Amino acid sequence: METTEQTSGKQIDLLSVGPVSLDTNVSFDGKEEKNLGGAVIYGGWAAAPCGFKTVIVTTANASECDVAEGFHGSGVTLTVLPSAHTCAIRNVYLSADKERRVSTNTHRADPIRFSDIEDLALTTRAIQLGGLVAGDFEEDILPKLHALKQCYSDQAQTTPLGVITYPIIGIDTQGLLRTVEPDGSMRFHPWKAMETLLPFVDVLKTDAAEAEYLTGLSDRYEAAKALCDMGAREVMVTHNSEVIVCGHFGARDLSFVKAPLVPRNLSGRTGRGDTTFAGYLAMRSTHTAQGAVLFAAALVSKKMETPGPYHGSKDDILSYIHCFYD
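Report follows, based on the coordinates. (Residues numbered from 1 in each chain as written. Predicted model: local features only at pLDDT ≥ 70, side-chain atom pairs only at ≥ 80, totals over all residues. Heavy atoms only, no water.)

Considering the overall build of the chain
- Looking only at helices and strands, the chain features twelve helices and 15 strands.
- Taken against the 2.2 N^0.38 rule, which gives 20 Å for 326 residues, the C-alpha radius of gyration of the chain at 18 Å falls within 12% of a compact globule.
- Counting only C-alpha atoms, the chain reaches 50 × 40 × 40 Å along its principal axes.
- Within the chain, buried positions represent 53% of all 326 residues.
- Across the chain, every contact between residues at least 6 apart in sequence was considered, and the portion connecting residues at least 24 apart equals 66%.
- Summed over its atoms, the accessible surface of the chain is roughly 13600 Å², and 50% of this surface lies on carbon and sulfur atoms.
- Positive and negative charge centroids in the chain, built from 29 and 40 side chains respectively, lie 3 Å apart. (Helix = DSSP H or I, 4+ residues; strand = E, 2+ residues; numbered from the N terminus. Rg over C-alpha atoms; globule rule 2.2 N^0.38 Å. Buried < 20%, exposed > 50% of the residue type's maximum accessible area, 1.4 Å probe, protein only. Contact = heavy atoms within 4.5 Å. Areas by Shrake-Rupley, 256 points an atom, 1.4 Å probe, with all protein chains shown as cover. Lys, Arg positive; Asp, Glu negative; His and termini not counted. Charge placed at Lys NZ, Arg CZ, Asp CG, Glu CD.)

Examining the environment of glutamate 181
- In this fold, glutamate 181 is placed in the loop between strand 10 (178–180) and strand 11 (186–188).
- Glutamate 181 gets classed as buried once you look at its relative accessible area, which sits at 18%.
- Residues glutamate 181 and threonine 286, 105 residues apart in the sequence, show an inter-C-alpha distance of 41 Å.
- At 2.7 Å, the side chain of glutamate 181 forms a polar contact with the side chain of histidine 189. (Polar contact = N/O pair within 3.5 Å; in protein donor to acceptor, adjacent residues only side chain to side chain.)

As for the environment of lysine 225
- Among the secondary structure elements, lysine 225 is positioned in helix 9 (residues 220–229).
- Separated by 20 residues in sequence, lysine 225 and valine 245 place their C-alpha atoms 9.5 Å apart.

Looking at the pattern of salt bridges
- Counted under the stated rule, the structure contains twelve salt bridges.
- Between lysine 149 and aspartate 202 there is a salt bridge, with the nearest N and O atoms lying 2.6 Å from each other. Linking lysine 149 in helix 5 (residues 141–151) with aspartate 202 in the loop between helix 7 (194–197) and strand 12 (203–207), this pair joins segments that are 53 residues apart in sequence.
- Where salt bridges share partners, they join Glu32, Lys34 and Arg90 into one cluster. (Salt bridge = Lys/Arg side-chain N within 4 Å of Asp/Glu carboxyl O.)

Considerations on helix 12 (residues 314–324)
- If you check which residues of helix 12 are buried, you get Ile317, Tyr320 and Ile321. Mapping the buried residues of helix 12 onto a view down its axis gives an arc of 100°, with all of them on the same face. Exposed residues lying more than 90 degrees from the buried face of helix 12 are Asp315, His322 and Cys323.
- Of the surrounding elements, those touching the buried residues of helix 12 are helix 11 (289–303).
- Between the side-chain oxygen of the N-cap and the backbone nitrogen of aspartate 315 there are 3.4 Å, and the N-cap of helix 12 in question is serine 313. (Arc of directions from axis to C-beta.)

Now the structure itself:
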C-alpha cells in the first residue's frame, strides 16, 4: 500500500475522503455483526480493484482500530489523519431488505479540513466527499475546493459532453443532513447553506428519502430536478430499484440517465449508496453520464450479492453488464 508522498504528482482517478466507522450492524433477525465501515471503505474497494488509481484520506484513532487492515489487498493509497476518536455507529435494521434502520452514534471523528486534501485535489479527476454525520468536514470545504478548481482552470480538462471540468467535486448528502443528537441518536436536520453551496457541487448524491427531505418532493425525479435547479450540476438519487442521474449533460434542458439494480440477492445491501457513488465518479471523468451510471449500477448490483465491500475486478463488472444488462 502506497503513501500519499509516493502518490504526489501522479494522476489520481478518485480521491475518496471521509471518516471510517466502527460499525455494529444488527439484522432484522437479530444477528449482530461488527466491521469497519464508512463511505471510504466501500468507495475505495469499489474503485481500486476496478483499476482506478484511488487515494483514501480518512480519520481514526490508531488505538481503536487498524484502518490499513480494512484496506488490505484493495490497492488504494491510504492516509489516516489522527483523531481523538474513531467514528462508531450502531445500525439496527427494521426490515429484511435493510431499507429501514435506526442508527446510533457513540463517537464522532474530528473534522477533515481543506488543507488535509488540498495538494491531492490538484492531481485528481474526481473527489468523493463521503461524510457519515454533519460536521465531518470543515464548513467551507466546498467553496475552497471550487476556488482551487477555478484557480487551476488552465490545467483542467473537460469530461465527455463538456459537462464538468476536473476535478469533479462530489458530495453525499448523508454527511450534510444526518446530525448526532445529545443522546447519540441520528436525525436529519436542514442543510441551512444548501442554496449557497449547491453551485459548488458537480455531483450531489442522495437516496430517495434524503432527496424528499431536501426538497419536500416525494417523486425522486422531480426532487432531482429541483436540486439541479438550485445549482448542482448533476444529482444522483439511489433507490432499491434503480440509480438515476439528472443533469444538462451538455444540453440546454435537464434530462435523466438511469440504470436498474439487478442483484440476485441482498446479502450485501450495506454500503450500496457509497459503492454506487464511487463507481459513478471514477467513471464519469472519462465516460458519458449514461456509461458511468450503467457501470455504477452493475457494480453495486454485483456487490450486493456478497456481504462486505466489492472484491471483484472491472472485468467481472463488464461480464455482469453483458449477462444482465445487454
